[in-house]
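Spelled out from the first residue to the last, the chains are:
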Amino acid sequence: MQNAKDTFYVALRNRLATVNPNRTMLLRGAQRPSILVEEAEAVVAMLPADTFVLRWTGLTTDTNLPLTLAKMECEMHYTTGGTAAAFGLDRGRALEEMDAEVIGLLTPRSTPKMDYATNPVTQLTTAVFWTAATFMPAATVRDRLTRYAKVAVFAYQEQGEL
Amino acid sequence: MSTAAVTYSTPTTPATRRVRAYFAPVNRAMGQPTIFDPSASGGFNLESPPSPWIDLGWIADFSRKSNSAIEALNTGSPAAPLVQMRALIGATVSFRFLTWKKISMALSAGSEHMNLLAPATGAAANGSGSKGIAAASLLAGSTASSLNMAAASLAGFHAGQMVVVDADYAGQTGYVGSGVSAAYVRSAASVNNDPDYVRRVSFNVALVAAVAATGLTLAQPLLAGAPAANMKVQAIEGFVDREGGLFFQEWSALFVMPGEQGERILYHYPRLQPTGGAQEELQALAAPLEWVTLQANFRAMPVIDANDGEQALCFRSFLPSPLTLL
């Protein structure tokens, strides 16, 4: 399943660079699109602002197929306090902007599965595909608006994959 | 000499999770189904069925039904049964294929199943595919998984391409197709005397794994084995079936239920013919995603059991789990 998770993340990261090139962050010394995988970064007390954080949760498999189909639940968390220039009064607009970006990142809803553990990266034979986002109600915590969207990500386990 | 007594268990209710389907060709011209012998091969490795059985994977909603009728001859007053007789033998079986491939599509559709030949430039449009690019000849030494060809013929082929390998249609009537009786030709005129007709319906298809300087390497062996000298190869784009057509597919079938205690139930239908046309079943995966599976419905046709000369439609075998009382 790791190849599918890596593929999903890289696809969304690359799409974010197109959907909103200005949404970037400095992480571990590198400037890059503001999307990260929570389980692959240092543990932090609170979500970074204006950044998409992918959190992998549920996993189910269907083994009654020639290739096992894995269904992985992914939560896309994001939080914003708006801009300093507007003293945070635009936090609703900022959240709506991120909502729209989530839709853009998830469209189209499939991408070829890649193995990023190899050098050079290799393309596998199946595609990773996913559902549309299910948006959860926004929550207010102090000066920030926070939301997460749930996506079911599907991938076939190809022969030889872990 | 004596041996230690074994520890045995009492029989339990078989529990199974799923059913696996295997099909094998029927020689239609000779009227010969493929017979599965459970005494010799009943315990076969499910991943590697004995030849010529073809693994079509796990299936869903497997359901079989006996349509046999037994009637009684009543005599006396008041009438009472004197003797029973079998008035009819009949059986049907239905299930869903979970994967789409040449054979599962053909079995689901029931009639002629065609290969979409890569179209020739300017060919007239046709619902079951237009005239194909000319077939390429094979050279001697070809095998079921490698096709020797002249270098000049290789330009039209590439890795990842689907191909069909079969003989030119030469005006014959009757069943055609190598390895599998794929269609029945009533007259040369009915198929336009098309040299590609056999390749259009043939089950002798494969995926090209690589193109070498001397020919094609196939990713899967051809169903009919090593090609005959008169066979040619042609690129295909996919498959097509249709609602209509007079031909009935007929295949031998084997269904296996592996039990959780090591027991095995096998259902062998030597002759199955379809009872319906192409039909799919949609099942929710995660809205709006849906599985598209192939519905297949069959009627069992009779064979003669060589052990006693009786007609039979289906053979149900049971291989008990080890060390279980009988």
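Computed from a predicted structure; not experimentally measured.

**Focus on the overall build of chain B**
Part 1: The helix and strand inventory of chain B stands at 3 helices and 21 strands.
Part 2: Each of the three principal axes of chain B carries a C-alpha extent, and together these read 80 × 60 × 50 Å.
Part 3: Taking all 326 residues of chain B together, 33% fall into the buried category.
Part 4: Of all intrachain contacts in chain B linking residues separated by at least 6 positions in sequence, the fraction that spans at least 24 positions is 69%.

**Regarding the domain arrangement of chain B**
Size of an interface, as often reported, equals the accessible area lost when the parts are brought together.
Residue and element names in this part refer to chain B.
Part 1: Under the domain assignment, chain B is made up of domain 1 (19-38 + 52-70 + 85-110 + 246-319) and domain 2 (114-240).
Part 2: Placing a centre on the C-alpha atoms of domain 1 and another on those of domain 2 gives a separation of 28 Å.
Part 3: Broken down by element, the side of domain 1 that touches domain 2 gets its largest block of residues, 3 residues, from helix α2 (residues 102-109).
Part 4: When the residues that make up the side of domain 1 that touches domain 2 are grouped by side-chain class, the tally is 6 nonpolar, 1 polar and 2 charged.

**Concerning the environment of A:V102**
All names here are of chain A.
Part 1: When you line up the elements, V102 lands in helix α2 (residues 91-105).
Part 2: Distance from V102 to A132, taken between C-alpha atoms, is 9.7 Å for residues 30 residues apart in sequence.
Part 3: Residue contacts for V102: discarding those within four places in its chain leaves M76, A133 and A149.

**Some details on the interface of chain A and chain B**
Part 1: Taken together, the contact pairs 5 residues of chain A with 7 residues of chain B.
Part 2: Looking at the side of chain A that touches chain B residue by residue, the classes come out as 3 nonpolar, 2 polar and no charged.

**Points about α2(A)**
Residue and element names in this part refer to chain A.
Part 1: For α2, which comprises 15 residues, the first-to-last C-alpha distance of 21 Å matches the rise-based estimate of 21 Å (1.5 Å per residue) to within 8%.
Part 2: Within the span of α2, buried status applies to R91, A94, L95, M98, E101, V102 and L105. Buried residues in α2, looked at end-on, bunch into an arc of 115°, giving them a common side.
Part 3: Looking at the buried residues of α2, the elements they touch are α1 (2-19), β5 (69-80) and β10 (144-156).

**A look at the environment of A:R109**
Residue and element names in this part refer to chain A.
Part 1: Checked against the element boundaries, R109 lands in the loop between α2 and β6 (110-115).
Part 2: On the basis of neighbour count, R109 is assigned to the partly exposed category, with 17 C-beta atoms found within 10 Å.
Part 3: Measuring from C-alpha to C-alpha, the distance between R109 and T131 comes to 6.9 Å, with 22 residues separating the pair along the chain.
Part 4: The residues contacting R109, other than those within four sequence positions of it, are F129 and W130.

**Observations concerning the nonpolar core**
Part 1: Counting 67 residues, the largest nonpolar core has B:F23, B:V163, B:A253, B:L254, B:Y269 and B:A300 as its most contacted members.
Part 2: When residues in this core are grouped by element, the largest group, 5 residues, is from strand β15 (residues 251-258) of chain B.
Part 3: Structurally, this core is a two-domain feature, drawing no fewer than three residues from each of domain 1 (19-38 + 52-70 + 85-110 + 246-319) and domain 2 (114-240) of chain B.
Part 4: The contact partners of B:V163, leaving out residues within four places of it in the chain, are B:V205, B:A206, B:V208, B:V233, B:Q234, B:A235 and B:I236.
Part 5: In this structure, A:A4, A:A94, A:L95 and A:A133 belong to the second largest nonpolar core, which totals 30 residues.

**Notes on the pairing of strand β4 (residues 80-88) of chain B**
Residue and element names in this part refer to chain B.
Part 1: Where burial is concerned, little of β4 is hidden: 0 out of the 9 residues are buried.
Part 2: For strand β3 (residues 69-75) and β4, the ladder comprises 7 bridges, and the chain directions are antiparallel. Looking at the pairing, E71 lines up with M85 of β4.
Part 3: Here β3 folds back onto β4 in antiparallel fashion, the turn holding 4 residues, of which G76 has a positive phi close to 90°.

**A word on the packing of α1(A) against α2(A)**
Residues and elements named next belong to chain A.
Part 1: For the pair α1 and α2, interaxial distance at closest approach is 9 Å and the crossing angle is 125°. One way to sum up the angle between α1 and α2 is to call them oblique. As for the relative orientation of α1 and α2, their crossing is right-handed in sense. Taken together, the residues of α2 that come into contact with α1 (itself represented by L12, R15, L16 and V19) are E101, G104 and L105.
Part 2: In terms of residue class, the contact of α1 with α2 is made up of 4 nonpolar, 1 polar and 2 charged.

**Concerning unusual backbone geometry**
Peptide bonds are mostly trans, and most non-glycine residues show a negative phi.
Part 1: The peptide bond linking A:T107 to A:P108 adopts the cis configuration, its omega dihedral lying at 0°.
Part 2: Structurally, A:P108 can be placed in the loop between α2 and β6.
Part 3: Cis geometry marks the peptide bond from B:S77 to B:P78; its omega dihedral reads -5°.
Part 4: One non-glycine residue with positive phi stands out, namely B:D61, at about 55°.
Part 5: Secondary-structure assignment places B:D61 in strand β2 (residues 54-66).
Part 6: Here B:N193, not a glycine, exhibits a phi torsion of approximately 50°, which is positive.
Part 7: For B:N193, the position within the fold is in the loop between β11 (183-185) and α3 (197-201).

**Structural notes on the environment of B:N67**
All names here are of chain B.
Part 1: For N67, the position within the fold is in the loop between β2 and β3.
Part 2: Judged by the 12 C-beta atoms lying within 10 Å of it, N67 is exposed.
Part 3: Here the alpha-carbon distance between N67 and L326, two residues 259 residues apart in the chain, equals 29 Å.
Part 4: With near-sequence residues (within four places) excluded, N67 lies in contact with G90, A91 and T92.

Analysis parameters
Residues numbered from 1 in each chain as written. Chains lettered and ligands numbered in written order. Predicted model: local features only at pLDDT ≥ 70, side-chain atom pairs only at ≥ 80, totals over all residues. Helix = DSSP H or I, 4+ residues; strand = E, 2+ residues; numbered from the N terminus. Buried ≥ 20, exposed ≤ 12 C-beta atoms within 10 Å, placed from the backbone. Contact = placed C-beta atoms within 7 Å. Domains from an automatic or database assignment. Nonpolar A, V, L, I, M, F, W, Y, C, P; charged D, E, K, R; others polar. Expected span 1.5 Å × (residues − 1). Arc of directions from axis to C-beta. Core = buried A, V, L, I, M, F, W, Y, C linked by C-beta atoms within 7 Å. Pairing = 2+ DSSP bridges. Axes fitted to C-alpha atoms, helices over the stretch in contact; angles between N-to-C directions. Parallel < 35°, antiparallel > 145°, perpendicular 65-115°, else oblique. Left-handed = near helix turned anticlockwise from the far one by under 90°.

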